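Observations on the three-dimensional arrangement
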Amino acid sequence: NAGAFMTVYPFIIKRVYDGDAFILSVLMAIFFAGAAVSNALLLKFMPLRSPGKVFLIMQLSRIVVLFLLWLQPAWWLLVVATIGWGLNMGVTTNLARAIVQESAQEAYRGRILSAFSVGMLGSAPIGAILLVRQSAPDDYLSLGLGFVGIVLGMINVVGGFLVTDRMLKMFKRK
């Protein structure tokens, strides 16, 4: 999902809506505002009775949001879908981490959460690779942004592995 948002969403804004950097920045601010609202709602209503069910419902509801984007809706509906995606992403990201954290045995929790985080971050370079593959050979902006996304995403993933490895070495018994 992060890969779709970080790479495909800008592609949709540019190609479908003929948007520029300003429009994309406004829509990203709307998205993250939705995520912030969902975090506030989670804080108010936690603990949830059935976090697994809520997570599943949110994952399935994301299909509606992505379907709306696929239909190339009017501008106002794009804004509503962006708010919905932000709300959804805030809930699913927090619930996924909480479910993994609560399910992991205490002795392995750090390692499991580290792998979980790297997995979440790893979707961005994959999305960037897909963007580059879909770009026209003469579309230097999309190719350049895709390349930057791949490089930064890989630096993030490799850096996550290196930091995690270093942290785990700190806890090894001597």
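Check the entry above for the structure.
Description of the structure in this document. These numbers come from a predicted model, not from an experiment.

**Describing the overall build of the protein chain**
- Broken down by element type, the protein chain carries six helices and zero strands.
- Mapped in sequence order, the helices and strands of the protein chain form the string α-α-α-α-α-α.
- Looking at the protein chain as a whole, 30% of its 174 residues are labelled buried.
- Nonlocal contacts in the protein chain, meaning residues at least 24 apart in sequence, comprise 68% of its contacts between residues at least 6 apart.
- Of the accessible surface of the protein chain, which amounts to about 11400 Å², a share of 70% is contributed by carbon and sulfur atoms.

**Examining the side chain of Ser 38**
- Mapped onto the fold, Ser 38 is located in helix α2 (residues 21-45).
- Given a relative accessible area of 2%, Ser 38 falls into the buried group.
- Separated by 2.7 Å, the side chain of Ser 38 and the backbone oxygen of Ala 35 make a polar contact.

**Description of the packing of α2 against helix α4 (residues 75-103)**
- Relative to each other, α2 and α4 sit at 45°, their axes nearing to 7 Å. As judged from the angle between their axes, α2 and α4 are oblique. Note that α2 runs across α4; the crossing there is right-handed. Packed against α2, whose contacting residues are Ile 23, Leu 27, Ile 30, Phe 31, Gly 34, Ala 35, Val 37, Ser 38, Asn 39 and Leu 42, the element α4 presents Trp 75, Leu 78, Val 79, Thr 82, Ile 83, Trp 85, Gly 86, Leu 87, Met 89, Gly 90, Val 91 and Asn 94 at the interface.
- Split by residue class, the contact of α2 with α4 holds 15 nonpolar, seven polar and no charged.

**Remarks on the environment of Ser 25**
- Examined against the element boundaries, Ser 25 turns out to sit in helix α2.
- Residue classification places Ser 25 among the partly exposed residues on the basis of a relative accessible area of 39%.
- Sequence separation of Ser 25 and Pro 10 is 15 residues, and the distance between their C-alpha atoms is 9.5 Å.

**So, the packing of aromatic side chains**
- Per the stated rule, a full pass over the model turns up five aromatic pairs.
- Between Tyr 17 and Trp 75, the aromatic rings sit 6.5 Å apart at their centres with planes inclined by 70°, giving edge-to-face as the arrangement. With Tyr 17 in the loop between α1 (2-15) and α2 and Trp 75 in helix α4, the pair connects residues that are 58 residues apart, well separated along the chain.
- We classify Trp 75 as partly exposed; its relative accessible area is 41%.
- Ring-pair connections join several aromatic residues into one group, and the members of that group are Tyr 9, Phe 31, Phe 32 and Trp 85.
- Of note, Lys 44 hangs over the ring of Phe 45, and the distance from its end group to the ring centre comes to 5.9 Å.

**A short note on the environment of Leu 78**
- With respect to the secondary-structure elements, Leu 78 resides in helix α4.
- Linking Leu 78 and Val 65, residues 13 residues apart in sequence, is a C-alpha distance of 9.3 Å.
- Every residue in contact with Leu 78, bar those within four places of it in the chain, is listed here: Tyr 9, Ile 13, Tyr 17, Leu 27, Leu 69 and Pro 73.

Conventions adopted
- Residues numbered from 1 in each chain as written.
- Predicted model: local features only at pLDDT ≥ 70, side-chain atom pairs only at ≥ 80, totals over all residues.
- Heavy atoms only, no water.
- Helix = DSSP H or I, 4+ residues; strand = E, 2+ residues; numbered from the N terminus.
- Buried < 20%, exposed > 50% of the residue type's maximum accessible area, 1.4 Å probe, protein only.
- Contact = heavy atoms within 4.5 Å.
- Areas by Shrake-Rupley, 256 points an atom, 1.4 Å probe, with all protein chains shown as cover.
- Polar contact = N/O pair within 3.5 Å; in protein donor to acceptor, adjacent residues only side chain to side chain.
- Axes fitted to C-alpha atoms, helices over the stretch in contact; angles between N-to-C directions.
- Parallel < 35°, antiparallel > 145°, perpendicular 65-115°, else oblique.
- Left-handed = near helix turned anticlockwise from the far one by under 90°.
- Nonpolar A, V, L, I, M, F, W, Y, C, P; charged D, E, K, R; others polar.
- Phe/Tyr/Trp six-rings, centres within 6.5 Å; stacked < 30°, edge-to-face > 60°.
- Lys NZ or Arg CZ within 6 Å of the ring centre and 35° of its normal.

Keep in mind these values describe shape, not function.
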